[in-house]
Amino acid sequence: MFTSPRLPFPYRPESEIVAGQLRSLAGALDWAAAAHSAQPWVQAVRDNPPPFWAMESLLKEYPISSAEGLALMRLAEALLRVPDAETAIALTADQLGRADFDGAGDGVMARLSASAIAMSKLFLPEGGHPNLMSKLGARTVVAATLRAVQLLGRQFVLGQTIGDAMGEADDSRKKIPNLRFSYDMLGEGARTDADALRYLASYTHAIQAIAAGANAAGPTEKNDGISIKLSALHPRYEDAQRERVMAELVPRVWGLCELSARANINLTIDAEEVDRLELSLDVFESLAALVAQHHPQWQGFGLAMQAYQTRALDLIHHIAAIARKYKLRLMCRLVKGAYWDSEIKRAQEMGLPHYPVFTHKHHTDVSYLACAQALLAAPDAIYPQFAGHNAATIAAILQMASRNAVPFELQRLHGMGEGVFREVLKNPLISCRVYAPVGAHRDLLAYLVRRLLENGANSSFVHQLADESVGMGELLTSPLRLESESSLPLPPALYGPGRPNSLGLDLTVGSMRAPLLAALAITPVPVVPEFDPRQAAAVVEKGAGAYRQWSKVDVAERAAFLRRAADAMERQMPRFCALLVKEAFKTWGDAVSEVREAVDFLRYYANEAERIMQPVALPGPTGETNELRLTARGVWVCISPWNFPLAIFTGQVAAALATGNAVLAKPAEQTPGIAWEAVKLLHEAGVPEGALQLAHGPGETVGAALVAAPLVAGVVFTGSTQVAKIINRALAAKDGPIVPLIAETGGINAMLVDSTALPEQVADAVVQSAFRSAGQRCSALRLLCVHEGIADHVIEMIQGAARELAAGETADLATDVGPVIDREAFDNIQKHLQRLGASAKVLVAPAAPVSPANLIPPAAFEVSSLADVKDEIFGPVLQVVRWGSGDLKDPQAVIAQINSLGYGLTLGIQTRIDSRAQALAAAAHVGNIYVNRNMIGAVVGVQPFGGEGLSGTGPKAGGPHYLYRFCAEQTVTVNTTAAGGNAALLAGGV
C-alpha cells in the first residue's frame, strides 16, 4: 500500500489552510488580466443567451430560491418515478399549488403554463377525493407537467442508452470538433450486491461500446472515456469495511480498467464523500500498481478530486507521488465539489472540531486555483483536467497553463455552461471534455436535482451569469482574499455560546479512533456490589438529609458542577466508550454517540435549570408583590435501562440534580459498571455523595423497594410499558403524598412510505432504524408500511441491504449489528421469530450464528395486516405491511390504524408531498415524527424525546419542559401596604 505519509488531519482551521494556498499562488496569477480575458465571454453570453432550457436561462427564469424553482426541482426529483395516478396528482397539486408560472418568459414553461401549469390551481384538488371532472382536469395537468419534466431531463442527459449518447456526442462534434466526452452511467451508491453487479454490467457494456469507436493507437486523452463511481460498485464502500472493499471491489474495478486500457480510452474514478477519501486512495493505488504491472503505457487512468475539501491540495501531491512511484501518467479531474451541504451537516451532527470543506465560496475558488497550479506543475505525473463553468476561473487556468505550455483540457457538465464554452472554444487549440450523464430519466433525476442545487445557489457563477443586475466587476471579482472565520458556526458552537455541542470522533480517521482502541485494551469493567433492598428506607432517609442541603445550593453552582462533569466525561470519552463496548455490547459508533448524548444532557439541563429556576414576578394590584418560584421536590428514584446505560442514566440523574433534588439511581442490572463510573465522575465534579447514591440490583427487588420506600418524592423510569404500569400501581397504593411518575416506555414504531419516496433513501432509513444497535432502541423501527406501487422494489432493496450488514463482536470496527443484551432477551426474540416464521412471509431469514453469544442477525417478515402486529419486539426484527387498497387505501387510514395500536413514541414518514407529511404528522398521536430521514438518534435540545399513550407520560427528555416535572411550584404574595403602603405610588399621587 501507499508508503508515504497519509493525508493531513481533515478537521483543521479553514483560515490556516487558505492562507497557505494564497501564499502558494502569490506571483503565479494575474487575476486582473484573467478577469479582463473573461469579460468578452460573459458579455457575449448575455448578448446572446443560451436556449431557455440551458441551466443559465432556467435559473434566471426560476431561481432555486423561488417557489417556482423549488416546485420544478421537487417535481423533477420525484414525479417520473411515481407509479400511481392518484399520488402523481397529489404531488403535482402540492408543488404547483404553491407556485405561479403565469409570469414565465417566452419559453417552454410559459407555453405549458398557458395550457396546463397555470390551470393547476383550478383543476388540482387541495384535499379529499376529487370529483370526476376535477380528476380529468388533474390528469391533464399532470400529463403536461410530466412532459415538462421529461423535457428538462433531456437537457441534462446526453442519452438514455450509451448508443444514443454516443450518437449525440458525434452530432455535437460536427459543430465543435475539439469536444471529447466522458460518459457517466449515473451509478448512484449501491445498496445491495445485486445493484452493484447491475452497475458493473452497465459500466462494462458502456466501455465496450466506447472502445468500438476509439483510436487504440493515438493519444489516450483524445479518445472519449467513462466515469465510474466506486460506491456504485460495492454496497459497503466505507472505511469500516476496508477488508471487504479491498478484496471484493478492487477486482471488479480492475476488470473495467483492463477493458479501458486495451481500448486506450480513459477511465476516471469519481469523487466520493470526505469519509471515503482515504479508502478511495487505497483502492486507487492498488489499481495503479496493477496498471503499472500490466498496462504501463496506458495513460488514461484517473481520479476526480474536489477543491472544496480542505485536503484537496494535499491530495494532488499524493496522486503525483503515486504516479511517480509507479512511473505512470495519471489523469486528474479537478472539480469544485459535490455533497457540500451533506458534509456540513455530517460535521455538525458528529460534533467535529472543524469542517472538512471550505465554508466560504471564494475559499473554494482559492483552493481550486491552488490545486490547478499544483496540477500544472506536475506534467511528468499528471494530465490535468479542469472542470467548471466559471468564466474567470477558466481564464485563470488558461493564463497559468500558457506560461509553460503544459497539456491540459477543460471540462463541463452536459447541459451547463454551454454559453461560456461556446466562446472559449472559438480557440481551436483548447480542448474540452463534456461530462455526460447517460441513463433513464426516472433514474437520474435525483442526480439532476443535486446539480441544480449545487449550481443554482444565488452566489454561484452560473446563477449570476444570467442576472444582468450583477455587474461585470462583481461577477468577476477576485477570490484571492482570506476570511478569518468560518461563514458558519463551527460544529462545537452549533447551539450558540451558552451550550457547547459535545465533541465527537470520526471513526474513519485513524488518529481519532486510535485512543478508543487503546482504551479497550486497558479499561476493566468494575464489579459493582449489589444493594440490599432492606436498606431502601435508610438510603432514602440519607438522601432526604442531603436534599435539604443540596436544594439550598444556588442553582448556578449546581449547574457548574454538572458542566464540570460534562467536560470530564468528554475528556474521558475513550474510557467510557470502551465500557459501553464491553458491558453493553455497543458498536463503536453507537458508543461515541452515547457518550456525546450524556455530555449533552449534563450541559443542557444545567442551562435549563438556570433558566427556569429564576423567580418570576407576576402582575397584581398596587401594594402587593407576587412571585412564582420553582423548588425541588425531594428524593427521586431514577430507574434507567440497559440499552442506553450511560446517556439515559446520566440524563435522569442530571435533571433531578440540576433542580435541587437528591437521587437514588437504580441502573439496569446488566450494566451497573457504566453507571458506577458515571456516579464517580459526578461526585468528583462536586455533587455530594448523599445527594447521589447508586443502588444496583434486580428491578423486582431493589427497584421495587426503592419505589415503595417512604419519603420518595418522585420516580423517573425508562423501560417496558409493563414495568411502568407496575411502578404506577405501586406509587398509587402508597400512603402519603401523591408522587409523580415520569415514564418513557416502548413503542410499535412505524414508518409510512408513499410512492413518491426515493427507494434508496427509504432503504437507508429502514436499515438504520430497524437493525442498527441490534434494534435495541426505544425509537427503533418495528413496522414498515409501504405503498403497494413501490413495495416490491423497496422490499428487495431492504432485503439486499440487510444481508450486507456485518453481525458479530462489537469490539470489531466492521461490526454493524452486535448481540442483544442477554440470554433472556435472546430467548424472547427467538419466540417471536418462531411465531412470525410460521405465520408471516419471511423476507430476511434470521440466521443462526455460532458466536458471539446472544447474537441475532437482522430479520424481516411481511404480515398481511396491521392488526397482526401486536407486540414490540425489542431486537433487529422488522415487520412489513403493504397499503394502497382495502382497509389501508390511503395514508390517513394507515395513520388511524397506527394510532389504534395505542403506542405513540416515534413515526417515520417518507414522502415528497409536503402537505401530506404535515397532515399525517398532525393526525398521528406520536411523540417524535421524522420526515424523509431515519427514526433514531434524537439529539438533546434538538429532538426532545418521549411519547404518549402506551409509550410514556411525558414530558419529553432533552426538551424545554422536562425539568418542570422535577419541581414544585410556589407562589409568594407580599402585601406591601401592611408595612406603610406603596411608597412609590404615594410619592407620585395627587
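Preceding this section is the structure that the text describes.
Bear in mind that the values here come from a model prediction, so they are computed numbers and not experimental data.

Reading the values: the criteria
Residues numbered from 1 in each chain as written. Predicted model: local features only at pLDDT ≥ 70, side-chain atom pairs only at ≥ 80, totals over all residues. Heavy atoms only, no water. Helix = DSSP H or I, 4+ residues; strand = E, 2+ residues; numbered from the N terminus. Rg over C-alpha atoms; globule rule 2.2 N^0.38 Å. Buried < 20%, exposed > 50% of the residue type's maximum accessible area, 1.4 Å probe, protein only. Contact = heavy atoms within 4.5 Å. Areas by Shrake-Rupley, 256 points an atom, 1.4 Å probe, with all protein chains shown as cover. Pairing = 2+ DSSP bridges. Axes fitted to C-alpha atoms, helices over the stretch in contact; angles between N-to-C directions. Core = buried A, V, L, I, M, F, W, Y, C linked by side-chain atoms within 4.5 Å. Expected span 1.5 Å × (residues − 1). Disulfide = S-S within 2.5 Å. Salt bridge = Lys/Arg side-chain N within 4 Å of Asp/Glu carboxyl O. Lys, Arg positive; Asp, Glu negative; His and termini not counted. Polar contact = N/O pair within 3.5 Å; in protein donor to acceptor, adjacent residues only side chain to side chain.

(A) The arrangement of the overall build of the protein chain in detail. Scanning the protein chain from N- to C-terminus turns up 35 helices and 23 strands. Computed over its C-alpha atoms, the radius of gyration of the protein chain comes to 32 Å, within 12% of the 30 Å expected for a compact globule of 990 residues. Dimensions along the principal axes, computed over C-alpha positions, put the protein chain at roughly 95 × 80 × 65 Å. Each of the 990 residues in the protein chain was classed as buried or not, and the buried ones make up 59%. At a minimum sequence separation of 6, the contacts of the protein chain that also span at least 24 residues come to 78%. Roughly 37900 Å² of accessible area belongs to the protein chain as shown, and the carbon and sulfur atoms make up 55% of that amount.

(B) Spotlight on the sheet that holds strand β21 (residues 906-910). The strand order β18-β19-β20-β17-β16-β21-β22 describes an open sheet built from seven strands, whose pairing is mixed. Every interior strand has two partners, whereas the edge strands, β18 (841-844) and β22 (928-931), have only one. Looking at each pair of strands side by side, their axes are set apart by 20 degrees on average, direction ignored. Pairing of strand β16 (residues 750-753) with strand β17 (residues 783-787), which is carried by four bridges, proceeds in the parallel orientation. Within β17, the position partnered with methionine 751 by the bridge is leucine 784. Against the sheet, helix α33 (residues 891-900) touches β16, β17, β20 (877-883) and β21, its axis set at about 175 degrees to β16.

(C) Representation of the nonpolar core in the model. Membership of the largest hydrophobic core comes to 112 residues, with the highest contact counts inside it found for Tyr183, Leu267, Phe301, Ile319 and Phe386. If we ignore the near neighbours within four places in the chain, the residues touching leucine 267 are Ile207, Ile226, Ile228, Leu256, Cys257, Ser260, Trp298, Gly300, Phe301 and Gly302. In terms of nonpolar packing, the next biggest core, distinct from the first, is built from 79 residues, Ala338, Ile344, Phe576 and Val653 among them.

(D) Structural detail: the sheet that holds strand β13 (residues 692-694). In spatial order, the strands read β13-β12-β11-β14-β15; together these five strands make up an open sheet with parallel pairing. A single partner strand is all that each edge strand has here, and the edge strands are β13 and β15 (741-744). Each adjacent strand pair in this sheet contributes to an overall mean axis angle of 15 degrees, direction not counted. Pairing of strand β11 (residues 635-639) with strand β12 (residues 662-666) involves five bridges; the strand directions are parallel.

(E) Focus on helix α24 (residues 573-584). For α24, with twelve residues, the first-to-last C-alpha span of 15 Å sits near the 16 Å given by 1.5 Å per residue. Counting buried positions over the twelve residues of α24 gives nine, a clear majority of the element. Within the span of α24, buried status applies to Met573, Phe576, Cys577, Ala578, Leu579, Leu580, Val581, Glu583 and Ala584. Close packing links the buried residues of α24 with α21 (510-522), α23 (555-571), α25 (588-612) and α27 (672-684). Count one or two residues on from α24 and you reach phenylalanine 585, which has phi positive near 60 degrees.

(F) The arrangement of unusual backbone geometry in detail. That bond from glycine 954 to proline 955 is cis: its omega, -5 degrees, falls within 30 degrees of zero. Residue placement: proline 955 occurs in the loop between β22 and β23 (967-975). For leucine 711, which is not glycine, the phi dihedral falls at a positive 75 degrees. Structurally, leucine 711 is set in the loop between α28 (699-708) and β14 (712-718).

(G) Structural context of the state of the cysteines. Taken as a whole and judged by the stated rule, the model has zero disulfides. Summary of cysteine pairing: cysteine 638 is not part of a disulfide, and the nearest cysteine sulfur, belonging to cysteine 967, is at 13 Å. Judged by its relative accessible area of 1%, cysteine 638 falls in the buried class.

(H) Local environment of the pattern of salt bridges. What the rule picks out here adds up to 51 salt bridges. Between aspartate 239 and arginine 513 there is a salt bridge; the shortest N-O distance is 3.3 Å. Here aspartate 239, found in the loop between β2 (225-228) and α11 (242-263), pairs with arginine 513, found in helix α21; they are 274 residues apart in sequence, far enough to count as distant. Here aspartate 239 falls in the buried class, since its relative accessible area comes to 10%. Here glutamate 272 ties to arginine 276 by a salt bridge, and the two come within 3.3 Å at their closest N and O atoms. One exposure class covers both glutamate 272 and arginine 276, and it is buried. Where salt bridges share partners, they join Lys229, Glu272, Glu273 and Arg276 into one cluster.

(I) Focus on the side chain of aspartate 822. Considering the arrangement of structural elements, one finds aspartate 822 in the loop between α31 (791-803) and α32 (823-839). One buried charged residue, aspartate 822, remains without a salt bridge, the closest side chain of opposite sign being arginine 823 at 8.7 Å. A distance of 2.9 Å separates a polar atom in the side chain of aspartate 822 from the backbone nitrogen of alanine 825. Apart from residues lying up to four places away in sequence, aspartate 822 is in contact with Gln670 and Asn854.

(J) Seen up close, the environment of proline 852. Take proline 852: it is sitting in the loop between β18 and β19 (859-862). What makes proline 852 buried here is its relative accessible area of 10%. A C-alpha to C-alpha distance of 6.9 Å links proline 852 and proline 819, two positions 33 residues apart in sequence. Beyond its immediate stretch of four places on either side in the chain, proline 852 contacts Gly808, Glu809 and Pro819.

No statement about biological role is implied by the geometric values presented.
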